[in-house]
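These are the residues of each chain, in order.
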Amino acid sequence: MRMLLGLGAFALSLGAAGALHASAADKDPILLAEKDRGVPAGRAVRLTLAQSEIATTIDLGRIAGNANGGGLLGALIITAMDDRAKTMRRTAIDKAEGTAAPIRQALNGFDVEGLAVAATRSGLGKHAWFQGQPLATAHDSTPTQRTAYAVASSASQAAFVDYWYGLSPDFSQIRVLADIRIERAGKRKSGIEPVLFHQRVWSVVQLRARSYDPRANAAQWSEADGKRARAGLTAAFARFEDLIPRALILGQQDVAAYTAKGREKAFGADFYGPLIARDPANRESLLLWSNGLVQVQPAD
């Protein structure tokens, strides 16, 4: 069993067991149909950033099961494994939180929400047909809150951009996730009609000189009053000015081309998938496809 944890609150707010794992939300359409792009009265738009500080993630690796256990003995083995997993998880979380402390201190007072607002406004504004209404901001992205917002709106559609940002388990990367969703805003008892579009887009900035020691990586992000961490977050969010409009106009032909047999694939920042583009001047800067857009770039 492989465990990659740290997106708990954000994942639950999306109605998923984990933002990095398969869920019912993965059945939502990742492409916005052309017939649904234009909206006469415009779209209600809400941005959510539920965090007050940068998150940590942990990777417990693989915990081997016991194929020979059965009956009471098997139950005892499974219980012991569960206890071991809980202990390992708690230890890893405590260690990650301690390692992240200097980064969080250095980022204290840094306006991450401002970065998200600026990038979202710019990105959504690049398509005249989107017709976004004035951007609303919130700190709760639960389905109940989304429904209440959509029902209260006079628009026929509601767009939600929910952000999460955190550190990779080895602290070599700052990852920002934009969960972009467009729904019909209904006035029924059910509140919201079926999802029209739902794509998760990643923007990742990774250290150029990465260490196997998470503490050494954390030191790079936090040094000089968090200069590199602040620059990394700024660069990661800025990418959404292009990633959001690109995600909105993707079509079946694009996805077919990305997933075609023989398409070149690449590995970047723990992501592996079809290569969409690579910066010829910097081979560490690339755009991948992983059932959504993934942008990777090196930290300055």
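Residues numbered from 1 in each chain as written. Predicted model: local features only at pLDDT ≥ 70, side-chain atom pairs only at ≥ 80, totals over all residues. Heavy atoms only, no water.

Q: Explanation requested: the packing of helix H3 (residues 112-124) against helix H6 (residues 240-249) in the structure shown.
A: Pairs of packed helices are described in terms of their axes, by the angle between the two and the distance that separates them. Packing of H3 against H6 leaves a shortest axis separation of 7 Å and a crossing angle of 40 degrees. Considered as vectors, H3 and H6 are oriented oblique to each other. Along this stretch, H3 crosses H6, giving a crossing that reads as right-handed. Where H3 abuts H6, its residues Ala 119, Thr 120, Ser 122, Gly 123 and Leu 124 lie against Phe 240, Glu 241, Ile 244, Pro 245 and Leu 248. (Axes fitted to C-alpha atoms, helices over the stretch in contact; angles between N-to-C directions. Helix = DSSP H or I, 4+ residues; strand = E, 2+ residues; numbered from the N terminus. Parallel < 35°, antiparallel > 145°, perpendicular 65-115°, else oblique. Left-handed = near helix turned anticlockwise from the far one by under 90°. Contact = heavy atoms within 4.5 Å.)

Q: What's the story with the nonpolar core in this structure? I'm lost.
A: Considering soluble globular proteins, one finds that nonpolar side chains tend to be buried as a cluster. Of all hydrophobic cores here, the largest spans 57 residues; its most connected members are Ile 103, Tyr 163, Trp 221, Leu 233, Phe 237, Phe 240 and Leu 293. Look past the residues within four positions of Phe 237 in its chain and what remains in contact with it is Val 112, Leu 115, Ala 116, Ala 119, Tyr 163 and Val 176. By size, the runner-up hydrophobic cluster in this structure holds 13 residues, among which are Ala 55, Trp 164, Leu 288 and Val 294. (Core = buried A, V, L, I, M, F, W, Y, C linked by side-chain atoms within 4.5 Å. Buried < 20%, exposed > 50% of the residue type's maximum accessible area, 1.4 Å probe, protein only.)

Q: Which parts of the structure should I look at to understand the pattern of salt bridges?
A: Side chains bearing opposite charge may pair, as long as their charged atoms lie close to each other. Inspection of every chain in the model, using the stated rule, returns 13 salt bridges. Among the ionic pairs, Lys 35 bridges to Asp 36, the shortest N-O distance being 3.4 Å. Accessibility expressed as a relative area gives 68% for Lys 35, which makes it exposed. Asp 36 sits in the buried class, given a relative accessible area of 7%. Among the ionic pairs, Arg 215 bridges to Asp 213, the shortest N-O distance being 3.3 Å. With relative accessibility at 58%, the residue Arg 215 sits in the exposed group. Sharing partners across several salt bridges, the network here consists of Asp 28, Arg 181 and Glu 183. (Salt bridge = Lys/Arg side-chain N within 4 Å of Asp/Glu carboxyl O.)

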